[in-house]
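In case you want the letters, here they are:
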Amino acid sequence: MTLDDYNSFCASLPHTTHVVQWGGAHVWKVGGKVFAIGGWSDGDGLAVSFKVSEMAFDILKEQPGLRPAPYLASRGMKWIQRQNDATMDDQGLRDYIGESHRLVAVKLTKAMRKQLGFAA
């Protein structure tokens, strides 16, 4: 997945905002809360971090090309970083980013969900 593909996909999700921060990372938010971070990579490709369920975290953290997201997972948050497509292809990454968006959106305050037009 290229940076442009990543940004286009995240922009297609409802009520998202984009900012470049933290040393050039492309950060996507819903209701002011982060759901995806693209950029931080040790290699040539795009690394993408996203929020996952506890069960998904336990499974994905052991897979080639994936790891607990730097900074976030070390603070007890359930975030995974895809470093390459060894076990998760681009469609899988889109699916997980979409689920991350949903996980973050459902945790927004009731007032914020209503303001954004999400179902109560």
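One structure accompanies this document, and this report is about it.

Rules used throughout
Residues numbered from 1 in each chain as written. Predicted model: local features only at pLDDT ≥ 70, side-chain atom pairs only at ≥ 80, totals over all residues. Heavy atoms only, no water. Helix = DSSP H or I, 4+ residues; strand = E, 2+ residues; numbered from the N terminus. Buried < 20%, exposed > 50% of the residue type's maximum accessible area, 1.4 Å probe, protein only. Arc of directions from axis to C-beta. Contact = heavy atoms within 4.5 Å.

Its identity as a non-glycine residue notwithstanding, Trp 22 has a phi of 55°, on the positive side. Following the sequence through the fold, Trp 22 ends up in the loop between β1 (16–21) and β2 (25–30). With a phi close to 75°, Tyr 71 is a non-glycine residue in the positive phi region. Mapping Tyr 71 onto the fold places it in the loop between β5 (66–68) and β6 (79–82). Here Tyr 71 falls in the exposed class, since its relative accessible area comes to 55%.

Turning next to helix α1 (residues 3–12). Among all positions in α1, only Tyr 6, Asn 7, Phe 9 and Cys 10 are buried. End-on, the buried residues of α1 take up no more than an arc of 165°, which puts them together on one face. For α1, the exposed residues set more than 90 degrees away from the buried face come down to Asp 4 and Ser 12. Close packing links the buried residues of α1 with β1, β2, β3 (33–39), β4 (47–51) and α3 (90–106).

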